[in-house]
Amino acid sequence: MRSALQQHLGKARAEVGAGRRTGDDERVAAARTRVSAAKHGLGERGTPWWELDDNARRERWETALHDLGDRPTGSS
C-alpha cells in the first residue's frame, strides 16, 4: 500500500507541474488535493507515521487510497 501511495504522490506532483505550465488553476488545485491526500496517507502530514501502531497506520493508508480512488485489497 505504501508504494501505491508513493506512486499517487509522484503522479499528483507531476500533474501540479503540468497544470502550472499550462496555466490551468483547476488542474493544479485538484492535483494539490491529491498530493495532500497521498502525503497524509504516508504520514508526512498529520500524526507522524512513527507515532502510530501498525493497525492505525494501515487504516490511514487504506483511507488515503480510498480517497485517491483506489480500493485497497480486502476493503469493501
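Attention here is on the structure that accompanies the text. (Residues numbered from 1 in each chain as written. Predicted model: local features only at pLDDT ≥ 70, side-chain atom pairs only at ≥ 80, totals over all residues. Heavy atoms only, no water.)

### As for helix α1 (residues 2–22)
1) Next: Given a rise of 1.5 Å per residue, 21 residues ought to cover 30 Å, and the 30 Å separating the end C-alpha atoms of α1 matches this to within 8%.
2) Next: Listing the buried residues of α1 in full gives Leu5, His8, Leu9, Ala12, Val16, Gly17, Ala18 and Gly19.
3) Next: Buried residues along α1 sit in contact with α2 (25–42) and α3 (54–67). (Helix = DSSP H or I, 4+ residues; strand = E, 2+ residues; numbered from the N terminus. Expected span 1.5 Å × (residues − 1). Buried < 20%, exposed > 50% of the residue type's maximum accessible area, 1.4 Å probe, protein only. Contact = heavy atoms within 4.5 Å.)

### Considerations on the pattern of salt bridges
1) Next: For the coordinates displayed, the defined rule picks out three salt bridges.
2) Next: One salt bridge in this structure joins Arg27 and Glu15, with 2.8 Å as the shortest N-O distance. Pair noted here: Arg27 is in helix α2 and Glu15 is in helix α1, with a separation of twelve residues, a long-range link.
3) Next: Note that Arg57 is salt-bridged to Asp54, the shortest N-O span being 3.3 Å. Note that Arg57 and Asp54 are positioned in helix α3 at a spacing of three residues, about one turn of the helix.
4) Next: A relative accessible area of 57% means that Asp54 is categorised as exposed. (Salt bridge = Lys/Arg side-chain N within 4 Å of Asp/Glu carboxyl O.)

### Quick word on the environment of Thr22
1) Next: Of note, Thr22 is situated in helix α1.
2) Next: The exposed category is assigned to Thr22, whose relative accessible area is 54%.
3) Next: Taking C-alpha positions, Thr22 is 27 Å from Asp70, a pair spaced 48 residues apart along the chain.

### Overview of the nonpolar core
1) Next: In terms of nonpolar packing, the biggest core is built from 14 residues, with Leu5, Leu9, Val16, Val35, Ala38, Leu42 and Leu68 touching the most fellow members.
2) Next: If you tally residues by element for this core, the top one is α2, at six residues.
3) Next: With near-sequence residues (within four places) excluded, Val35 lies in contact with Leu9, Ala12, Arg13 and Val16. (Core = buried A, V, L, I, M, F, W, Y, C linked by side-chain atoms within 4.5 Å.)

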